[in-house]
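Here's the letter readout for the chains.
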Amino acid sequence: MVSFKTFLLTLVLYMFQGAGTSLIKLNNNGYEDVVIAISPDLPEDEKLIKEIQDMVSKASTFLYEATEKRFYFKGVSILIPKTWQTKPDYEKPKLETYDNADIFIEAPNPAGYNAPRTDQIKECGKMGERIHLTPDVILGKMVKEYGFPGKILVHEWAHLRWGVFEEYNEEEPFYKLNGKNVPVKCSDAITGTNKVNVCSGGSCSIRSCRTDPNTGKFQKECLFIPDRVQNEKASIMFMQSIDSVVEFCRKENHNKDAPNAQNRKCNLRSTWEVIQDSEDYKTSTPMTAAQPPKPSFSLKQIRERILCLVLDKSGSMGGGDRLNRLKQASKLFLLQIIEKGSWVGMITFDSAAAIQSDLIQIETDAQRNTLITKLPGVASGGTSICSGLRAAFTAIRKKFSTDGSEIVLLTDGEDNTISTCFNEVKESGAIIHTVALECNADKALEELSKMTGGKHRAATDNALNNGLIDAFSAFSSGNGMITQRSIQLESKGATLKDGEWMNGTVIIDSTVGNDTLFLFTWTTKQPQISVSDPSGKTYTNFSVDTNSKMAYLQIPDTATDGIWTYSLKSSAQTLTMTVNSRAANPSVPPITVDAKMNEDNSSFPSPIIAYAEVRQGSLPIIGANVTALIESADGTTVTLDLLDNGAGADAYRNDGVYSRYFTAYKTNGRYSLKVRALGGTNTQRSRPQVNGALYIPGWVENGEVKMNPPKPEISEDEIQGNNLSFSRTSSGGSFTLTNVPSGPIPDIFPPSRIFDLEANIEDDHINLTWTAPGDDYDEGQAQYYIIRMSKDIIKLRENFDTALQVNTSDFIPNDANSKEVFVFEPEELAIENGTTIFFAIKAVDKANLTSPISNIAQASLYVPEVPAGVSISTIVLSVVGAVAGICIIAGITVCILNKNKR
C-alpha cells in the first residue's frame, strides 16, 4: 500500500484546473494542433521528449492502419515546463496552454500506479476531456502490463476523440451466459485461461477458478489470462496490448452480450460503429498511401504570464452602475487573482482606445495599486472593440511578442465592425478571454474566445448575483501551478431592508488559507462589516474604497482553518461578498471545483447539461452538496442540484463529476453558470475513475501462466475519511440559447435514458433495480415504465416493442434519482437452469413522451448441480435425517438441563 501522504506529494499540480477547449483540428486526414503537456513536477529529461515523439510517430502508423487509412497524427506541440532549462529550439507557446492540453504526462499517483486513463464525462460519441500518461508508460517500462506506448495512445485517443468506452469490466470480469462463466471481452475470439493468483508470505501460486455455490459465478479473485500469441485482430478497446490486435471491434465481431461500458453506454454498438458516426469519419475519405506522413513536432516552453486588461468605458457603461462594478471586479483581479511575477498592462476604449498602463511586472503590492489607479472613472463615447485589441497588441509588443499573451476584454456594447480585426487576432497568437456585460454586448465576443482558446464569461446588471466579480475570479493562469492559483471559496449576495443583517459563514479548510481575501461590495451606502475567525477573533481593519463602493480584508500569513463568520448591517440596498484564497502548502494540492456546460451554443429544445468536477489533485471528492446557479439574460437565476449518481446526465457514479440536465429555459440569449460546492459529514475522497488501457494480470506463454506484478492499489482506509468540510464557488462560463418559445415552455422533454438497470434471478423471482428518471429528463416523476424481456439480446434492442412485456400496472415510479426495485414472477417465459434472460426499460411521462431504451441487463438462472450418482430422494432423506438428528440432540440437552436444575 502507498501512504496517502506520499500519494499527495506525487500528484500533478498543473492538471486539475479543468480542461479548456481543445485546439485539435482534422486537416486532410491528419490531426493538427494536438497539445501534449509535460508536468512541472517531473524532473528534466530530454529522453522523455524523444520518447514522446517516438510514441506519437508509432501511434500515428497504428491509428492509420486501425482506421482503414483515414486518420493519422499530423502536427503535435509538446509543452515544456517553465522549470526546465531554456534551450534555443524551445519556442514560445501561442494558443497552447496547460488548460487546453489534450494529453498530460504526469508522475504516477501513487508511486508505481501507471494506469493510462482518459477523463470522460459525456455520453457515447462525445469527445472526452483529457488523456493522462506517465513517464514509465512512455519510456516502455510497462509493456508487459499495458502494451507498447503507441498502441496505448491509440486506445486512449479513441476515448478522447470519438467517445467510445471500455470493452472489459474490471469490477465484474466474468458473466454467466447460458450456464457458463464467460470473460468480458471483445472479440470472443481472444483466447486465454481463467486462473487465480494466490499470494502469501512473499510467494505466489496459480490455481483454477472456483465458483460461488449460491450464484454459480466465478469468485471475484478469478482472472482472465490471455494467450501471448493470438490470431485475432480485435479489439483495441479490449486488449491493445496483444500483438495481433490491430483493429477496433466491428458490428460483425462485436460481443453484444458482454456487460461492459461500451455496450451499456452505446446501446450495444461496436466501437467502430460509433467511430463511423463521428464527424471525423463522415467528413473524411480513406488515403491511398501505404504509410501516413510523419508527424511534425514543435517544442514550446512555458514563459511568464503576459496579460492586458481591455476595458470598455463607452457611454453605455454609465448605466446600471456598470462602470463601478467593472472597477470592483478589476480591482479584485489586480489585488488577488493575477499571479505574482506576471506582466500586466491596461487599455481602455470607447470610440478609440488608450494605453492607460504599459506592461508592469507584478512583484509588490505597490505595483498592483499603481495599476488600480489606472481603472476608468468616466463613461462616455461609442464602442470600438477592435481599437481596444489593437492597442493591447501595441502595448504588449513594446516588450514581448504577442504569441501566448492574454487579453481580458470586457464590453457591454455592440460593435458591427468587430469582425474586421478577426484576422489580426488570429495572426497575433494571443489568447482572448471575453466578458459580455448585459444582453446588448456584441454576439461576436464568443467567437473571439473560441478562435483563440480563451474563456468566455457573461454577467447581467443584477448585482445580487455577483456575476462580474465571479467572471474575473475565473481568469487565473492556465499555466500557473495549482498551488499558486487563486481559488474562490465563496460568492453570494443579498438585498436587505433598512437595519437588516447579512450574516453567514465560510469554511477555510486545511488545503487553502494563504493569501486569503474577503471582499464586500454595496450599491448605495457603506455597511457595518465584521469578520471573525474560528477562535472568535474579530477583524475590522478593512481597506475601504468609498468611490468604488467596496471594502476588502487581507488575512495575514495563513488563515486558520475552520468556520469563519461575517456580519454586515446595512441600509436598504444590495450587498455582495467574495472570499478567495490560495493553497496552504505547496506540496498538497487544494480542493478545486471546475464547472462547465456540455455546449457553448444550443438551440431549443436540445438538452443542456451542467457539470462540476470536484477533486483534490486526481482524487475525486464524493458526497458533496453541489449546486448550479444558472442566470439567464434577464437576470433571473435557476438553482439546480447536481448529482454524482451515474444516472441521467451523470456518466459515472462517484467519480467526482456532478451533473444534471437543465430544462428551465427562460429566454433567448446568454446564460451564465456558477457552481457552489460544500463538503460535510458524508463527503470523502475516493479512488480515481479509470477509463483506459486494461492492466494485464499475466500471460500464457507456451502453455505456462506467467503473472505480472499485482496492480498497485490505493488503500480504502487512507483515502476515505468522512467529514471533509470545505466550501468552493466556481464560474462555469457562459452559453447561448436560441429558439426559446416566447410563451410557456411546452412539455417536450422526455424522461432520461436509464443506464444502470441490473437484474438477477432468485428461485422463481426476477429482481430488477435501476435509478428512476424523471418527467423531464432527470427532474420530476415518470408516469409509468415499460419493461420487456427476451432470450435474444438483439431482438430486445432492435424490436423492443415486440418483445415480451412485463406487467407493471401496479408499479408507480418514484421521484427522479430514487432507487427503483421491481420484483416479479415470469409467467409466459419458461426459464430453465442456465438460461440467460435480457431485460430493458423505457420510461413514459404524462405527455406520453418515452425515454430511449435503457441499457440491457442480463441474468441467468442458476440451480446448484446435484453430484453424480446422488438422487433427489437421497438428498431429501439426508436433510430429513439431519433435521431429526438435531431434534434428538436438542431433546437430550433439555432433559439434562432440567435434571441439573433439580
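Structure's up top.
Residues numbered from 1 in each chain as written. Predicted model: local features only at pLDDT ≥ 70, side-chain atom pairs only at ≥ 80, totals over all residues. Heavy atoms only, no water.

Asks: Just to check I follow, could you spell out the environment of E145 for this structure?
Replies: Assignment of secondary structure puts E145 in helix α4 (residues 143-146). The sequence separation of E145 and P697 amounts to 552 residues, and the corresponding C-alpha distance is 7.0 Å. (Helix = DSSP H or I, 4+ residues; strand = E, 2+ residues; numbered from the N terminus.)

Asks: Is there a simple way to explain the nonpolar core in this structure?
Replies: It is characteristic of soluble globular proteins that their nonpolar side chains tend to be buried jointly. If you look at the biggest cluster of nonpolar residues, it comprises 72 residues, and the most contacted ones within it are I38, I105, W157 and F248. Among the elements that take part in this core, helix α2 (residues 46-66) stands out by supplying nine residues, more than any other. Apart from the residues lying within four places of it in its own chain, the contact partners of F248 are A66, T67, V154, A158, W162, A234, S235, I236, M237, T271, W272 and I275. By size, the runner-up hydrophobic cluster in this structure holds 38 residues, among which are I608, A624, L724 and F749. (Core = buried A, V, L, I, M, F, W, Y, C linked by side-chain atoms within 4.5 Å. Buried < 20%, exposed > 50% of the residue type's maximum accessible area, 1.4 Å probe, protein only. Contact = heavy atoms within 4.5 Å.)

Asks: Just checking my understanding: could you explain empty space enclosed by the protein for this structure?
Replies: Counting across every chain of the model gives seven cavities of 30 Å³ or more. By volume, the largest cavity amounts to about 120 Å³. The wall of the largest cavity is formed by 14 residues, among which R325, Q328, A463, T521 and T576 lie closest to the centre. Looking at the lining of the largest cavity residue by residue, the class counts come to four nonpolar, eight polar and two charged. Volume-wise, the second largest cavity comes out at about 90 Å³. As for the second largest cavity, its lining consists of A436, E438, C439, A458, A459, T460, E631, S632, A633, R670, Y671 and S672. (1 Å grid on protein atoms, 1.4 Å probe; cavity = no way out; pocket = protein on both sides within 12 Å on 5 of 7 lines; lining within 4 Å. Points joined across faces, edges and corners; volume = space filled by probe spheres on them. Nonpolar A, V, L, I, M, F, W, Y, C, P; charged D, E, K, R; others polar.)

Asks: Teacher, can you tell me more about the packing of α2 against helix α5 (residues 149-162) here?
Replies: Geometry of a packed helix pair, given as the angle between the helix axes and the separation of the axes. The geometry of α2 relative to α5 is characterised by a closest axis approach of 8 Å and an angle of 65° between their N-to-C directions. On the basis of their axis angle, the class for α2 and α5 is roughly perpendicular. Taken as a pair, α2 and α5 cross one another with a handedness that is right-handed. From α2, M55, V56, A59, F62 and L63 reach across to α5, where they touch P149, G150, K151, L153, V154, W157 and W162. Here the contact of α2 with α5 is composed, by residue class, of ten nonpolar, one polar and one charged. (Axes fitted to C-alpha atoms, helices over the stretch in contact; angles between N-to-C directions. Parallel < 35°, antiparallel > 145°, perpendicular 65-115°, else oblique. Left-handed = near helix turned anticlockwise from the far one by under 90°.)

Asks: Is there a simple way to think about the packing of aromatic side chains in this case?
Replies: Think of a pair of aromatic rings as described by two things: how far the centres are apart, and how the planes are tilted against each other in angle. Considering all chains together, one arrives at 33 aromatic pairs under this definition. Their ring planes at 85° and their centres at 5.1 Å tell us that F174 and F218 sit as a pair that is edge-to-face. Placement of the pair is F174 in strand β9 (residues 174-177) and F218 in the loop between β12 (203-208) and β13 (223-226), with a sequence separation of 44 residues. According to the relative accessible area criterion, F174 is buried, its value standing at 10%. (Phe/Tyr/Trp six-rings, centres within 6.5 Å; stacked < 30°, edge-to-face > 60°.)

Asks: I'm lost on the pattern of salt bridges in this one. Help?
Replies: Following the criterion strictly, the structure yields 39 salt bridges and no others. For E129, the salt bridge goes to K596, with nearest N and O atoms at 2.8 Å. On the criterion of sequence distance, the pair formed by E129 in the loop between β7 (117-119) and β8 (130-133) and K596 in strand β30 (residues 591-597) is long-range, its members being 467 residues apart. By relative accessible area, which is 10% here, E129 ends up buried. Overall, the relative accessible area of 24% leaves K596 in the partly exposed class. With its nearest N and O atoms 3.2 Å apart, the salt bridge here joins K846 to D775. Here the residue K846 occupies a position in the loop between β47 (836-844) and β48 (857-860), and D775 occupies one in the loop between β43 (765-771) and β44 (784-790), the gap between them amounting to 71 residues. (Salt bridge = Lys/Arg side-chain N within 4 Å of Asp/Glu carboxyl O.)

Asks: Please explain α5 as it appears in this structure.
Replies: Every α-helical turn comprises 3.6 residues, leaving residues that sit three or four positions apart pointing alike. Between its first and last C-alpha, α5 extends 20 Å over 14 residues, near the 20 Å set by a 1.5 Å rise per residue. α5 sits mainly inside the fold: 14 of its 14 residues count as buried. Positive phi appears at G163, one or two residues downstream of α5, with a value of about 70°. (Expected span 1.5 Å × (residues − 1).)

Asks: Just checking my understanding: could you explain the state of the cysteines for this structure?
Replies: Here a disulfide denotes one covalent bond, and it connects the sulfur atoms of two cysteines. Counted by the stated rule, this structure contains five disulfides. A sulfur-sulfur distance of 2.1 Å marks the disulfide that ties C124 to C266. Its torsion about the S-S bond being 105°, the disulfide of C124 and C266 is classed as right-handed. Within this pair, whereas C124 is found in the loop between β7 and β8, its partner C266 is found in the loop between α7 (261-265) and α8 (271-276), the two being separated by 142 residues in sequence. For the pair shown, C124 and C266 are each scored as buried. Two residues, C186 and C249, share a disulfide whose sulfurs are 2.4 Å apart. (Disulfide = S-S within 2.5 Å.)

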